[in-house]
2 protein chains.
Amino acid sequence: MNNNSPHYAVIFSSQTTEIEKSEYMEVAERMVALASHQEGFMGMENIQNEQGFSIMISYWDSLTAIKQWKKNTDHYAARKKGRESWYKTFTVSICKIEHMYHFASDGDDNKSQVI
Amino acid sequence: MNNNSPHYAVIFSSQTTEIEKSEYMEVAERMVALASHQEGFMGMENIQNEQGFSIMISYWDSLTAIKQWKKNTDHYAARKKGRESWYKTFTVSICKIEHMYHFASDGDDNKSQVI
């Protein structure tokens with residue numbers, strides 16, 4: 001087991017409505033910056049397409065860290081605004097990572113079994 | 001608990017090299033079609049950007065179903081080719097879904113706690 005491996009992932013997949021992109025992007029970027037300073041945050045992957053579909057995966061060291069982030073006041077306000085205005089649909093999945101394998105073509109592979 | 005909720009997610013995030021996109025896309029589409037016919041397959045989300053970064057999440061009803069899919073001969077060949085030619089880096093995470101929440105702006109929300 002690798003102690004640097006995250007133990008939990010939060011998958012957030014969303015489809016935005018026809019929105020004012022500038023405000024949404026500004027808040028989204030602020031939330032990413034804020035999350036990255038949370039205790040237990042271990043990284044993030046984020047991708048969106050031209051049609052307003054996006055997947056954001058954040059990695060955490062514990063369920064407690066995820067719960068703390070959910071309680072963060074600014075994050076709460078952003079999620080409220082998201083439900084009211086920005087998202088047509090979204091799904092949040094909180095997942096326990098059981099195995100993680102990383103491949104790099106330069107040979108820097110590693111395999112970790114978290115549990 | 002909702003019996004229709006998936007119990008496991010496989011997160012596959014990848015960065016391709018400078019590749020022959022047509023062959024890669026043809027194989028990727030074939031793998032998606034093949035996965036969707038596997039026992040225990042419950043859905044997929046897939047997104048890529050112009051820079052060759054992509055996230056594919058497949059949802060499954062059990063760890064056994066994921067293992068069976070990993071053993072599939074065509075899938076094995078595609079993964080081998082992927083390591084040899086297509087991917088600069090990739091990470092595969094096998095995750096147990098502990099909570100899943102779906103929001104829809106038309107009011108079709110649902111919450112499931114899988115364990």
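Now for a description of the structure that goes with this document. Keep in mind that this is a model prediction, so the values were computed, not measured.

1. Brief notes about the overall build of chain A
Looking only at helices and strands, chain A features three helices and five strands. Secondary structure of chain A in N-to-C order comes out as β-α-β-β-α-α-β-β. Burial statistics for chain A: of 115 residues in total, 43% are counted as buried. Sequence separation of at least 24 residues holds for 66% of the intrachain contacts in chain A that already meet a minimum separation of 6.

2. Topic: the packing of aromatic side chains
Within this structure, the stated rule accounts for 18 aromatic pairs over all chains. Both rings, one in tyrosine 24 of chain A and one in tyrosine 87 of chain A, keep their centres 5.8 Å apart while their planes meet at 85°; by these two values the pair is edge-to-face. Placement of tyrosine 24 of chain A in helix H1 (residues 21–36) and of tyrosine 87 of chain A in strand E4 (residues 87–104) is noted, with a sequence separation of 63 residues between them. According to the relative accessible area criterion, tyrosine 24 of chain A is buried, its value standing at 12%. Tyrosine 87 of chain A sits in the buried class, given a relative accessible area of 10%. On the numbers, 6.5 Å between centres and 25° between planes, the contact of tryptophan 60 of chain A with tryptophan 69 of chain A is stacked. Across this residue pair, the class does not change: tryptophan 60 of chain A and tryptophan 69 of chain A are buried. Through pairs of rings, three or more aromatic residues link up here, namely Phe12, Tyr24, Trp86, Tyr87 and Phe90 of chain A together with Tyr101 and Phe103 of chain B.

3. A few points about helix H2 (residues 63–71) of chain A
Residue and element names in this part refer to chain A. Along H2, the residues that are buried comprise Ala65, Ile66 and Trp69. Projection of H2 onto a plane perpendicular to its axis shows the buried side chains occupying an angular sector of 100°, all on one side. Away from the buried face of H2 by more than 90 degrees, exposed residues Thr64, Lys67 and Lys71 are located. Summarising the contacts, the buried residues of H2 are in contact with strand E1 (8–16), H1, strand E3 (53–60), helix H3 (73–86) and E4. Its side-chain oxygen at 3.4 Å from the backbone nitrogen of threonine 64, serine 62 defines the N-terminal cap of H2.

4. Some points on the pattern of salt bridges
Residues and elements named next belong to chain A. The final tally for this structure, using the stated rule, is five salt bridges over all chains. The partner of arginine 30 in a salt bridge is glutamate 26, with the nearest N and O atoms 3.4 Å apart. One end of the pair is arginine 30 and the other is glutamate 26, both in helix H1 and four residues apart, which spans about a single turn. Looking at arginine 30, the relative accessible area reads 40%, which means it is partly exposed.

5. Things to note about the state of the cysteines
All chains considered together, the criterion is met by zero disulfides over all chains. The thiol of cysteine 95 of chain A is not disulfide-bonded; the next cysteine sulfur, from cysteine 95 of chain B, is found 5.0 Å away. Residue classification places cysteine 95 of chain A among the buried positions, given a relative accessible area of 0%.

6. Points about the relation of the copies chain A and chain B
The transform that puts chain A on chain B rotates by 180° and translates by 0.0 Å along the axis, for an RMSD of 0.0 Å. Taken together, the rotation angle and the small translation identify this as a two-fold axis. Of the residues that chain A buries at the interface, 100% are likewise interface residues in chain B, meaning the two copies contact each other through the same surface.

The rules behind the values
Residues numbered from 1 in each chain as written. Chains lettered and ligands numbered in written order. Predicted model: local features only at pLDDT ≥ 70, side-chain atom pairs only at ≥ 80, totals over all residues. Heavy atoms only, no water. Helix = DSSP H or I, 4+ residues; strand = E, 2+ residues; numbered from the N terminus. Buried < 20%, exposed > 50% of the residue type's maximum accessible area, 1.4 Å probe, protein only. Contact = heavy atoms within 4.5 Å. Phe/Tyr/Trp six-rings, centres within 6.5 Å; stacked < 30°, edge-to-face > 60°. Arc of directions from axis to C-beta. Polar contact = N/O pair within 3.5 Å; in protein donor to acceptor, adjacent residues only side chain to side chain. Salt bridge = Lys/Arg side-chain N within 4 Å of Asp/Glu carboxyl O. Disulfide = S-S within 2.5 Å. Least-squares fit on C-alpha atoms with pLDDT ≥ 70 in both.

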